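Chain by chain, the residues run as shown.
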Amino acid sequence: MDTLVVVRIVAALAVIAAGAFVAGRRALFLIRLVRAAQPMPDRRGGVARKLRAQLEQVFGQRKLLKWTGPGVLHFLIFWGFLILQSQSLEAIGEVFDPDFAIPLIGRWPLLGFLQDLFTVLVLVAIAGFALYRLAQSPRVDGRRSRFAGSNLDQGWYVLGLEFGLLYTVMVLRAARAAKGTLPYPDGA
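Presented here is a report on the structure given in the accompanying data block. (Residues numbered from 1 in each chain as written. Predicted model: local features only at pLDDT ≥ 70, side-chain atom pairs only at ≥ 80, totals over all residues. Heavy atoms only, no water.)

Description of the nonpolar core
Phase 1 of the analysis: Core analysis: the biggest nonpolar cluster contains 14 residues, and Ile77, Val122 and Ile126 have the highest contact counts within it.
Phase 2 of the analysis: Of all elements in the fold, only α3 (68–83), α5 (109–135) and α7 (152–179) reach the threshold of two or more residues within this core.
Phase 3 of the analysis: Here this core takes six residues from α5, the largest share from any one element.
Phase 4 of the analysis: Not counting chain neighbours up to four residues away, the residues in contact with Ile126 comprise Ile77, Leu159, Glu162, Phe163 and Leu166. (Core = buried A, V, L, I, M, F, W, Y, C linked by side-chain atoms within 4.5 Å. Buried < 20%, exposed > 50% of the residue type's maximum accessible area, 1.4 Å probe, protein only. Helix = DSSP H or I, 4+ residues; strand = E, 2+ residues; numbered from the N terminus. Contact = heavy atoms within 4.5 Å.)

See the structure below:
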């Protein structure tokens, strides 16, 4: 095995382990928080109604779509990152196998098309949010600004990280396409 391959695999495993550690700590905190809560017997039942409400609120983004512009942008980012998790899985798999494809669906042309489509849609949404933040800036609108009194740096940080993630994935996909290892050259 080539030295570069070993370094790549060890580095990837270290990053995965660090991410699992951080996620595990957060999961443990949330589990302890839920266990500390008092039981609420009157909230039992109505599973179908609760499931429907979750589907509408979470997957349908119903409340956010009431804010037309920002709601649509958030909808695109939410669904984009759900679909684009498949790209993250492919990137992790590629560390170990350059020809990696997700089992069962990894060579499905529609998946490649959806990944590319939502990459572009999320980039449009990020640009839209950046323009929205600039237009609604407290420096421009003062106290009338939607962002008056908030920490604007955090929002820019999130938008920058989202852009960085998408940019990295686009470079990875371009490299895989150039090498001929992209799992669905016809759909993407």
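Comments concerning unusual backbone geometry
Generally, phi is negative for residues other than glycine and the peptide bonds are trans, each holding for most cases.
Phase 1 of the analysis: For Leu104, which is not a glycine, the phi torsion comes out positive at approximately 75°.
Phase 2 of the analysis: Within the secondary structure, Leu104 is located in the loop between α4 (85–96) and α5.

Brief notes about the packing of aromatic side chains
Phase 1 of the analysis: Scanning all chains against the criterion turns up two aromatic pairs.
Phase 2 of the analysis: For the ring pair Phe163 and Tyr167, a centre distance of 6.1 Å and an interplane angle of 25° mean the geometry is stacked. Pair noted here: Phe163 and Tyr167 are both in helix α7, with a separation of four residues, about one helical turn. (Phe/Tyr/Trp six-rings, centres within 6.5 Å; stacked < 30°, edge-to-face > 60°.)

A short note on the pattern of salt bridges
Phase 1 of the analysis: Applying the stated rule across the entire model yields three salt bridges.
Phase 2 of the analysis: When the shortest N-O distance is used, the salt bridge between Arg176 and Glu94 registers 3.8 Å. Within this pair, whereas Arg176 is found in helix α7, its partner Glu94 is found in helix α4, the two being separated by 82 residues in sequence. Like Arg176, the residue Glu94 is buried in the burial classification.
Phase 3 of the analysis: The shortest N-O distance in the salt bridge between Asp116 and Arg173 comes to 2.7 Å. Pair noted here: Asp116 is in helix α5 and Arg173 is in helix α7, with a separation of 57 residues, a long-range link. (Salt bridge = Lys/Arg side-chain N within 4 Å of Asp/Glu carboxyl O.)

Section: the side chain of Glu94
Phase 1 of the analysis: Looking at Glu94, the relative accessible area reads 13%, which means it is buried.
Phase 2 of the analysis: If near-sequence neighbours (up to four positions away) are discounted, Glu94 is found in contact with Arg8, Phe100, Leu172, Arg176 and Lys179.

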